2 protein chains.
Amino acid sequence: MKSYFRKIIENMTGYIPGEQTGEKGVVKLNTNENPYPPSPRVLEQIRARLSERELALYPPPLSDPLRVVAQKTYGIPADWILVGNGSDELLNLIFRVFLDKEDRVLYPYPTYTLYRTLALLQEAHYQEIPFEENYQLLPEELVQGEAKLKIICNPNSPTGTVVSISEVEKVLAASACPVVVDEAYVDFAEENCLSLLKKYPNLLILRTLSKSFALAGARVGFLFAWPEMTQGIIKAKDSYNVGIMPQIAAQAALEDIEYTRARVEQIKKTRSWFSSELAKMGFVVYPSQANFVWVQLPGSSLGFLYQGLKERNILVRYFSEWPDALRITIGREEDMKLLLEEMLEILK
Amino acid sequence: MKSYFRKIIENMTGYIPGEQTGEKGVVKLNTNENPYPPSPRVLEQIRARLSERELALYPPPLSDPLRVVAQKTYGIPADWILVGNGSDELLNLIFRVFLDKEDRVLYPYPTYTLYRTLALLQEAHYQEIPFEENYQLLPEELVQGEAKLKIICNPNSPTGTVVSISEVEKVLAASACPVVVDEAYVDFAEENCLSLLKKYPNLLILRTLSKSFALAGARVGFLFAWPEMTQGIIKAKDSYNVGIMPQIAAQAALEDIEYTRARVEQIKKTRSWFSSELAKMGFVVYPSQANFVWVQLPGSSLGFLYQGLKERNILVRYFSEWPDALRITIGREEDMKLLLEEMLEILK
């Protein structure tokens, strides 16, 4: 069959997400989902509040009732908030509105490989600049480089590491372009960049309800930015990008944020214990402020370990791009104990 | 504030959807929603089947369980089906994967103005070719014209009119590019283009659950096309574009299609009666096979009528691009009776 696609589409492979499985008995530690359920208020509200009339009508185009709740939760005015069909949609829109063909986007490396896919879609040049100091300092080339867009995933995936707010601020101050701080995992970290928002009109902060709020299935993300920014991005978004059900689910989750905070604390505790167990086994474990850890075994490729665990019904994330490492989501304590046992079996 | 946006974004206005209001007492006949609720099975299934575990996990990336149900409903293999976050997302993806900067897209005019917005976003040339014969024949220039993409909205919005399947087939046979048939309203029509799919690898058929299935709030659309087509488009789509809740809602609706068919028949009956009432009042009413009618009053601009109805809490659709016409959604019979009374009041 003749190809009708743009050359760039024909030649690219899409982003490959981690394996998804609904299979029972599989311990899923590969795509950074939350091992705990979302706030019980979510299902309660969906059951009690969702009406047939709301299903029949188009949803609020800018998710206004949800924005009002988010304004209270985050202390940011509603018109500084854009709600997306997951933060992936917001990233997609950001690449689309700021990057013309041949424009340049900069980000530290290694990081979320979706950025590369989105750059390819725009036929933009992507420059992937290695982190300094075990992923904890931003490279000078990122700070000073000329570009139309810069992105910092903080905490970073797949490494789980963070750079300090003052590092991020250096980039904001030195850059004549928008700077995205992708804070998908920030609820598991010590600090975040919200306090920089008023000072820097070129700052765009991304959040998601998929990780800390345990709502990956609902598809809700937030962009926090100046109204001039959100208004421009709205021009490119689908009119009704977030359905009524995720709008209700997200409101319920934000209204019960204490629940989420308690679960986040539990995950941080498990992360700390699990990291030290891995270190005892001889793994290099990077200091994580996310709900996963990035581990290496000096001198080893880790494909065999990924494969062995998979055969034992435990999924962790192996990227062919980084064969010397694995990214392991922090699950419940019992999941991590089982994982450690199976790892010992495989490695002995 | 300095603009960071691409020039095309800076200069464009986004697509402007019809007014959305949740206000009680407003009769909403402006965005072609269904006046009846969706199948009761939808809310039942959301309440009974949706689990906290499903909310916490990423949803099936290609909506596979839903595709299996759709395969049965439409008699089309699952890998010929792509599920979207509304058919708007699918349109957006189609423009993105087929149209390079400066490429040409053709469609008859007047039609869904989103096509123009999507062409602008790609910096593609859009050529809007007037329909022939009161919107019931396709212009020869559309059939024969050179382009990278052609689109036929059938039944057409805002006119409600249809062109015959053989007209569509002429375009498919004569075109060396993909041809989208946007069948958003086809469940209210006499025939559809599904039977052409096997014969034409350049055919893409769009459907939505927003109109006939009364699920505008859920955001679900389908693309039917050859697997080579769906596979290419998947490269550009967000990994998890449809959440678990709309997937469940859509499955439930398709499994109870008899319910939808009965409501569609009622709307068609109301459409027929309402059209003849309008004709008696002196309106030109185009023959509609959609859930709305397109009306003109010879010699009159109709902004005053739109405005007068709005003051009486009835919303119909007025497009500044076509000031001599109104597009009126078919609601319940009692809504339409009220509308007729108020129109008589305003016009007397």
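A quick note: this is a predicted structure, and the numbers were derived from the prediction, not measured.

About the thresholds
Residues numbered from 1 in each chain as written. Chains lettered and ligands numbered in written order. Predicted model: local features only at pLDDT ≥ 70, side-chain atom pairs only at ≥ 80, totals over all residues. Heavy atoms only, no water. Buried < 20%, exposed > 50% of the residue type's maximum accessible area, 1.4 Å probe, protein only. Helix = DSSP H or I, 4+ residues; strand = E, 2+ residues; numbered from the N terminus. Pairing = 2+ DSSP bridges. Least-squares fit on C-alpha atoms with pLDDT ≥ 70 in both. Contact = heavy atoms within 4.5 Å. Buried area = accessible area lost by both parts, 1.4 Å probe. Salt bridge = Lys/Arg side-chain N within 4 Å of Asp/Glu carboxyl O. Polar contact = N/O pair within 3.5 Å; in protein donor to acceptor, adjacent residues only side chain to side chain. Nonpolar A, V, L, I, M, F, W, Y, C, P; charged D, E, K, R; others polar. Phe/Tyr/Trp six-rings, centres within 6.5 Å; stacked < 30°, edge-to-face > 60°.

**Brief notes about the pairing of strand β6 (residues 179-182) of chain A**
Residues and elements named next belong to chain A.
Turning to step 1, where the next piece is worked out: Burial of the side chains of β6 extends over both faces: Val179 and Val181 are buried on one face and Val180 and Asp182 on the other.
Turning to step 2, where the next piece is worked out: Here strand β5 (residues 149-153) pairs with β6 via 4 bridges, running parallel. Pairing of Ile151 across the sheet is with Val180, part of β6.
Turning to step 3, where the next piece is worked out: Relative to strand β7 (residues 203-208), β6 runs parallel, the two sharing 4 bridges. When the bridges of β7 are listed, Val179 appears paired with Leu203.

**Section: the relation of the copies chain A and chain B**
Turning to step 1, where the next piece is worked out: Of the transformation superimposing chain A on chain B, the axial component is 0.0 Å and the angular component is 180°, with the fit at an RMSD of 0.0 Å. Such values leave the two copies arranged in the relation of a two-fold axis. By C-alpha distance to the rotation axis, the residue of chain A lying nearest is Arg47 of chain A, at 2.7 Å.
Turning to step 2, where the next piece is worked out: The fraction of interface residues of chain A whose copies in chain B are also interface residues reaches 100%, indicating that both copies meet through the same surface.

**Re helix α6 (residues 114-121) of chain B**
Residue and element names in this part refer to chain B.
Turning to step 1, where the next piece is worked out: Of all 8 residues making up α6, 7 are buried, and the element is well covered by its neighbours.
Turning to step 2, where the next piece is worked out: Among all positions of α6, only Leu114, Tyr115, Arg116, Thr117, Leu118, Ala119 and Leu121 are buried.
Turning to step 3, where the next piece is worked out: Directly beyond the C-terminal end of α6, a positive phi value near 55° is found at Glu123.

**Observations regarding the interface of chain A and chain B**
Turning to step 1, where the next piece is worked out: The partner chain B presents 81 residues to the 81 residues of chain A that form the contact.
Turning to step 2, where the next piece is worked out: Of the roughly 6900 Å² buried between chain A and chain B on both sides combined, carbon and sulfur atoms contribute 56%.
Turning to step 3, where the next piece is worked out: Counting the contacts that link chain A with chain B gives 4 salt bridges.
Turning to step 4, where the next piece is worked out: For the salt bridge of Asp100 of chain B with Arg6 of chain A, the shortest nitrogen-to-oxygen distance reads 3.4 Å.
Turning to step 5, where the next piece is worked out: The interface formed by chain A and chain B contains 38 residue pairs in polar contact (both at pLDDT 80 or more).
Turning to step 6, where the next piece is worked out: If you list the elements that add at least two residues to the side of chain A that touches chain B, you get α1 (7-11), α2 (40-49), α3 (52-56), α5 (87-98), α9 (227-234) and α10 (244-255) of chain A.
Turning to step 7, where the next piece is worked out: No other element matches the 6 residues that α5 of chain A contributes to the side of chain A that touches chain B.
Turning to step 8, where the next piece is worked out: Residue composition of the side of chain A that touches chain B, grouped by class: 44 nonpolar, 17 polar and 20 charged.

**Observations regarding unusual backbone geometry**
If a residue is not glycine, its phi is most likely negative; likewise, a peptide bond is most likely trans.
Residues and elements named next belong to chain B.
Turning to step 1, where the next piece is worked out: The peptide bond linking Tyr109 to Pro110 adopts the cis configuration, its omega dihedral lying at 0°.
Turning to step 2, where the next piece is worked out: Counting through the fold element by element, Pro110 comes out in the loop between β3 (104-109) and α6.
Turning to step 3, where the next piece is worked out: Note that the residue after Ser157, namely Pro158, is joined by a cis bond; omega there is 10°.
Turning to step 4, where the next piece is worked out: Its location among the elements puts Pro158 in the loop between β5 (149-153) and α8 (165-174).
Turning to step 5, where the next piece is worked out: Look at Glu133: it is not a glycine, yet its phi comes out positive at around 50°.
Turning to step 6, where the next piece is worked out: In this structure, Glu133 sits in the loop between β4 (125-130) and α7 (140-144).
Turning to step 7, where the next piece is worked out: By relative accessible area, which is 58% here, Glu133 ends up exposed.
Turning to step 8, where the next piece is worked out: At Tyr135, a residue that is not glycine, the phi angle is positive and equals roughly 70°.
Turning to step 9, where the next piece is worked out: The buried category is assigned to Tyr135, whose relative accessible area is 16%.

**As for the pattern of salt bridges**
Turning to step 1, where the next piece is worked out: Tallied over the full model, the rule gives 42 salt bridges over all chains.
Turning to step 2, where the next piece is worked out: With its nearest N and O atoms 2.8 Å apart, the salt bridge here joins Lys170 of chain A to Glu167 of chain A. Separated by 3 residues within a single helix, Lys170 of chain A and Glu167 of chain A lie in helix α8 (residues 165-174), roughly one turn from each other.
Turning to step 3, where the next piece is worked out: For Glu321 of chain B, the salt bridge is made with Arg116 of chain B, and the minimal N-O distance between the two is 2.4 Å. Of this pair, Glu321 of chain B sits in the loop between β11 (314-316) and β12 (325-329) while Arg116 of chain B sits in helix α6, and the two are 205 residues apart along the sequence.
Turning to step 4, where the next piece is worked out: Where salt bridges share partners, they join Arg6, Lys101 and Glu123 of chain A together with Asp100 of chain B into one cluster.

**A closer look at the packing of aromatic side chains**
All names here are of chain A.
Turning to step 1, where the next piece is worked out: Scanning the model with the defined rule gives 36 aromatic pairs over all chains in all.
Turning to step 2, where the next piece is worked out: Relative to Trp322, the ring of Tyr109 has its centre 5.8 Å away and its plane inclined at 55°; by these criteria the two rings are tilted. Pair noted here: Tyr109 is in strand β3 (residues 104-109) and Trp322 is in the loop between β11 (314-316) and β12 (325-329), with a separation of 213 residues, a long-range link.
Turning to step 3, where the next piece is worked out: Since its relative accessible area comes to 23%, Tyr109 is described here as partly exposed.
Turning to step 4, where the next piece is worked out: The exposure class assigned to Trp322 is buried, which follows from its relative accessible area of 8%.
Turning to step 5, where the next piece is worked out: Geometrically, the ring pair formed by Trp294 and Trp322 is edge-to-face, given 5.9 Å between the ring centres and 85° between the ring planes.

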